[in-house]
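The lines below spell out each chain.
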Amino acid sequence: MKMAANLEKSNAADAVSDELAPVQEMVRACIQCGTCTGSCPNEFAMDYTPRRLWRMVLMDQKAEIFQSKTFALCSACYYCTLRCPRGLPLTEAMNALKQIAARNNLVSHKDSVQFYKNFMRSVRRHGRVNEMEFMLLYFTALKNPLTPLRFAPLGMRLMLKGKVSMRPPLKRQRPLEKLFRKVEALEEKI
Amino acid sequence: MKYQYYPGCSLEGTALEYNLSTQAVMASLGAELVEIEDWTCCGASAAGATSFLLSLALPARNLAIAEKTDDVSDILVPCSACYLNLKKVEEETRSNSDVLAQLNLILQEDQLQLRGRMQVRHFLDVMARDFGPEAIRSNLKRALTDFRIAPYYGCQCLRPYAVFDDPESPRSMEPLIEATGAQVHPWKMGGKCCGASHMNTKMEVGMELVAGILRAAKGADAIVTVCPMCQMNLEAYQQKISHRQNENLTLTILYLSQFIGLALGLTEQQLRLDLNLAVTNSFRRKLG
């Protein structure tokens, strides 16, 4: 039974198999001291501690890593990066895991992935983020009618103060289009 | 003193008061700001969570445009997230010529070139090291002696690059606050995390972190911040957090530029205190 469940898990994670290699390189020298865990402000909400996560990365436990919420709970405070006695780029490693989740559109991380992707969609359209448009894109992508309700009170307060608008921020159309395309082309080569 | 100015997206929207108060303070201290022409988004935390290359290319574009202005090499950045993204390109390209070459391959598409000669400076860095408490004292129009202020630095102006302050125990705001005549609220939460974008995607976690910060600030008249995301997280959810924690955690949250501006004699209208989401009645009464 347990084996079958594990197999199913690893099938789901096949898509990310080679993508974990660069993250393994980043944490190769980890000595499992736990300074990262002791420094992490979000550790209380994580299913695996950062220290355990790095071991799982080195053990290639893809299914468990990407089903866990740990990397998505990194708020990029850089305490672990600052304090790691091995000088490992741990915040960058957390980011690299977020990038894998985004590239593969992992359902288990839908909220965060859609949040970041729709932010970038708005930036790609206008060059600068249009906060109102971005939130509308995000709500549409989540397809959960309850999510907008959570943001409605703050949205109203911001609108009353004239702090959010639907006006595109730059006159020039899609000023970052060439940059985005070139980045995509270079990433395909890798 | 002259700086190129990168306001960033938040400062055109939800953090407009940070933008206007920074410009007003800089003008009263005699500094000239030149906004980078057609600047674009730095990538915020979203680019780094989707593509590593994009997270460097977006800030690199702005640095390359800034380099076209020959005589000013310092870029003033008020937002800590923008600051770190731009700084990362400054640091990465200095130590790694491969990164610089790859970024130039991308920038070429827009006829831009990055040489790597810009210095990215946070607003707090400029206040603390270029102007310092002396500049505030010599321009002081209104001593704010009745106020006790908790300095909140957040993360990304302190870490990972220790440029102008101690990334573990930051102190750079203290002499500036004291120069306004105010007292510094002693606490250990100045460099702790506000949860960043958790408030949008993992709200329960974000509220827990903010509650800890607001609780530690009890006894202060206000917290001052130097980042639009910290400011929004600390000011916008106080009612909800107080309700959840069953404790009054409401407190005035101002940008450092607004507080210094008051001491320099700028009006509440100039500093746009009306745009803040948390200014308590008792704070207003003290302000008179």
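Rules behind the numbers
- Per chain, the residues get numbers from 1 upward, laid out in the order the sequence is written.
- The naming scheme follows written order: chains are lettered A onward, ligands numbered 1 onward.
- Since the coordinates come from a predicted model, pLDDT governs what is reported: local features require at least 70, and pairs of side-chain atoms require 80 or more to be given and counted, while whole-chain, interface and lining totals use all residues.
- The contact criterion used is a C-beta to C-beta distance within 7 Å, with each C-beta placed from the backbone.
- Helix and strand definitions here come from DSSP, where helices need a minimum of 4 consecutive H or I residues and strands a minimum of 2 consecutive E residues; each element is numbered from the N-terminal end.
- Residues were grouped as follows: Ala, Val, Leu, Ile, Met, Phe, Trp, Tyr, Cys and Pro as nonpolar; Asp, Glu, Lys and Arg as charged; and all remaining residues, including Gly, as polar.
- Paired strands, as defined in this entry, are two strands with at least two bridges between them according to DSSP.
- For the domains described, the bounds stem from an automatic or database domain assignment.
- Scored from 0 to 100, pLDDT reflects the predictor's confidence in each residue.
- Core membership is restricted to buried Ala, Val, Leu, Ile, Met, Phe, Trp, Tyr and Cys residues, and these are joined into a nonpolar core through C-beta atoms within 7 Å.
- With C-beta atoms placed from the backbone, a residue is labelled by how many other C-beta atoms lie within 10 Å of its own: buried for 20 or more, exposed for 12 or fewer, partly exposed between the two.

A.B. asks: Account for the interface of chain A and chain B, with residues named and values stated.
C.D. replies: Facing the 43 residues of chain A at the interface are 42 residues of chain B. Elements with a contribution of two residues or more to the side of chain A that touches chain B: α6 (79–83), α7 (90–103), α8 (110–126), α10 (147–160) and α11 (177–189) of chain A. Per-class residue counts for the side of chain A that touches chain B are 24 nonpolar, 7 polar and 12 charged.

A.B. asks: Run through the sheet that holds strand β6 (residues 183–184) of chain B, naming residues and quoting values.
C.D. replies: All names here are of chain B. Judged by pairing direction, the sheet is parallel, and its 4 strands sit side by side in the order β6-β5-β7-β8 without closing on themselves. Each edge of the open sheet carries a strand with a single partner, namely β6 and β8 (252–255). Where strand β5 (residues 148–151) and strand β7 (residues 222–225) come together, 3 bridges link them in parallel fashion. Of the residues in β7, the one forming a bridge with I149 is A222.

A.B. asks: Can you lay out the domain arrangement of chain B for me, pointing to particular residues and giving the numbers?
C.D. replies: Residue and element names in this part refer to chain B. Once the domains are mapped, chain B shows domain 1 (2–122) and domain 2 (132–287). A C-alpha centroid distance of 24 Å is found between domain 1 and domain 2. Counting residues at the interface gives 23 residues for domain 1, matched by 26 residues for domain 2. Counting residues per element, the ones that place at least two in the side of domain 1 that touches domain 2 are α1 (16–28) and α3 (80–95). Among the elements that take part in the side of domain 1 that touches domain 2, α1 stands out by supplying 9 residues, more than any other. In terms of residue class, the side of domain 1 that touches domain 2 is made up of 12 nonpolar, 8 polar and 3 charged.

A.B. asks: Which residues make up the confidence of the model for chain B, and what are the values?
C.D. replies: A residue-level look at chain B finds 100% of positions with pLDDT of 70 or above and a mean pLDDT of 97. As scored by the predictor, the complex reaches a pTM of 0.95 and an ipTM of 0.96.

A.B. asks: Give a detailed account of the confidence of the model for chain A, specifying residues and quantitative values.
C.D. replies: Averaged over all residues, the pLDDT of chain A equals 89, while 87% of them reach at least 70. When the criterion is pLDDT under 50, residues 1–12 of chain A qualifies, and its contacts beyond four places in sequence or with other chains add up to 4 contacts.

A.B. asks: Describe the environment of F180 of chain A, and please don't skip the residues or the numbers.
C.D. replies: Take F180 of chain A: it is sitting in helix α11. Considered as a pair, F180 of chain A and R124 of chain A are 56 residues apart in the sequence and their alpha carbons are 7.4 Å apart.

A.B. asks: Just give me the short version of the nonpolar core, but keep the residues and values in it.
C.D. replies: Residue and element names in this part refer to chain B. The biggest cluster of nonpolar side chains holds 146 residues, and the ones touching the most others in it are V77, L86 and I223. A total of 9 residues in this core trace back to one element, the largest contributor, which is helix α2 (residues 52–67). Excluding residues that lie within four positions of it along the chain, L86 makes contacts with Y6, C42, P59, N62, L63, I75, V77 and V120.

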